[in-house]
Amino acid sequence: MQWLKTNQDVLLIVAVAFVLRISFVGLLHERGYTSDENEYLSLATKLSEGKEFVDSNGEWSTKAPLWPFVLSVLLRVVGSGLLIPHLLGCLLGAFAVYLGFRLCVELLEDRFVALIAASLLAVYPSLIVYSDILQSEAMYIVFVLIAFLFLERTRNKPTMLNA
């Protein structure tokens, strides 16, 4: 409970980031999905049906398999609707805002500057788009931020466990 009280400001920014991302999903897809999104969805559908990791050309796909695999699990669990995958992308985008805040706190040791950075990440148009499209970018942005956080923590406090 104490953590919630001390982090109300950043949680509000993350909530705003999530709402912004959700509100743009329909707008970005009113003319359909991009060819890459269709390819990821096709791969995910094939994986969810137990078929091979083959792209629309009938060849083994060269795309990184994690995002299609995550989508395939969602499709298998919740069916063919795309609401849950879009929600996942928006959650990943909002989580990236929080991770950006944590990274700034670690690097700069200035909470106020980190809040400004998180606010900018929350409204940055490209990050909103990356969260809303059904491609791997939102997930990999989260992975990159986690890697940077890990690197910063190991730089500051190297031990046998985190070296």
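In the block above lies the structure referred to throughout.
For the structure given in this document, a descriptive report is provided here. Computed from a prediction, not measured in an experiment: that's the story for all the values here.

**Considering the nonpolar core**
Thought 1: Within the largest apolar cluster, 16 residues are counted, with the highest numbers of intra-cluster contacts made by Trp-67, Leu-71, Leu-92, Leu-99, Val-142 and Leu-145.
Thought 2: At the level of elements, α3 (35–48), α4 (66–78), α5 (83–108) and α8 (137–156) are the ones that each hand at least two residues to this core.
Thought 3: Counting residues per element, this core draws most heavily on α8, which supplies five residues.
Thought 4: Dropping the residues within four chain positions of it, Val-142 is found in contact with Leu-92, Phe-95, Ala-96 and Leu-99.
Thought 5: Counting residues in hydrophobic clusters, the runner-up holds 15 residues, among them Val-10, Phe-101, Cys-104 and Val-105.

**Structural notes on the pattern of salt bridges**
Thought 1: Counting across every chain of the model gives six salt bridges.
Thought 2: For the salt bridge of Asp-9 with Arg-111, the shortest nitrogen-to-oxygen distance reads 2.6 Å. In this pair, Asp-9 sits in helix α2 (residues 8–28) while Arg-111 sits in helix α6 (residues 111–123), placing the two residues 102 residues apart along the sequence.
Thought 3: Residue Asp-9 is classed as partly exposed on the basis of its relative accessible area, which comes to 30%.
Thought 4: Glu-49 is the partner of Lys-51 in a salt bridge, and the nearest nitrogen-oxygen pair spans 3.2 Å.
Thought 5: Among the ionic contacts, a cluster of salt bridges with common partners joins Arg-102, Glu-106 and Arg-153.

**Some words on the packing of α3 against α4**
The description of two packed helices rests on the angle between their axes and on the distance between the axes.
Thought 1: The contact between α3 and α4 brings their axes to 8 Å, and the two run at 60 degrees. Our classification of the angle between α3 and α4 gives oblique. The chirality of how α3 crosses α4 is right-handed. For the pair formed by α3 and α4, the contact residues are Tyr-40, Leu-41, Leu-43, Ala-44, Thr-45, Leu-47 and Ser-48 on the first element and Trp-67, Pro-68, Phe-69, Leu-71, Ser-72, Leu-75 and Arg-76 on the second.

Thresholds, definitions, all that
- Residues numbered from 1 in each chain as written.
- Predicted model: local features only at pLDDT ≥ 70, side-chain atom pairs only at ≥ 80, totals over all residues.
- Heavy atoms only, no water.
- Core = buried A, V, L, I, M, F, W, Y, C linked by side-chain atoms within 4.5 Å.
- Buried < 20%, exposed > 50% of the residue type's maximum accessible area, 1.4 Å probe, protein only.
- Helix = DSSP H or I, 4+ residues; strand = E, 2+ residues; numbered from the N terminus.
- Contact = heavy atoms within 4.5 Å.
- Salt bridge = Lys/Arg side-chain N within 4 Å of Asp/Glu carboxyl O.
- Axes fitted to C-alpha atoms, helices over the stretch in contact; angles between N-to-C directions.
- Parallel < 35°, antiparallel > 145°, perpendicular 65-115°, else oblique.
- Left-handed = near helix turned anticlockwise from the far one by under 90°.

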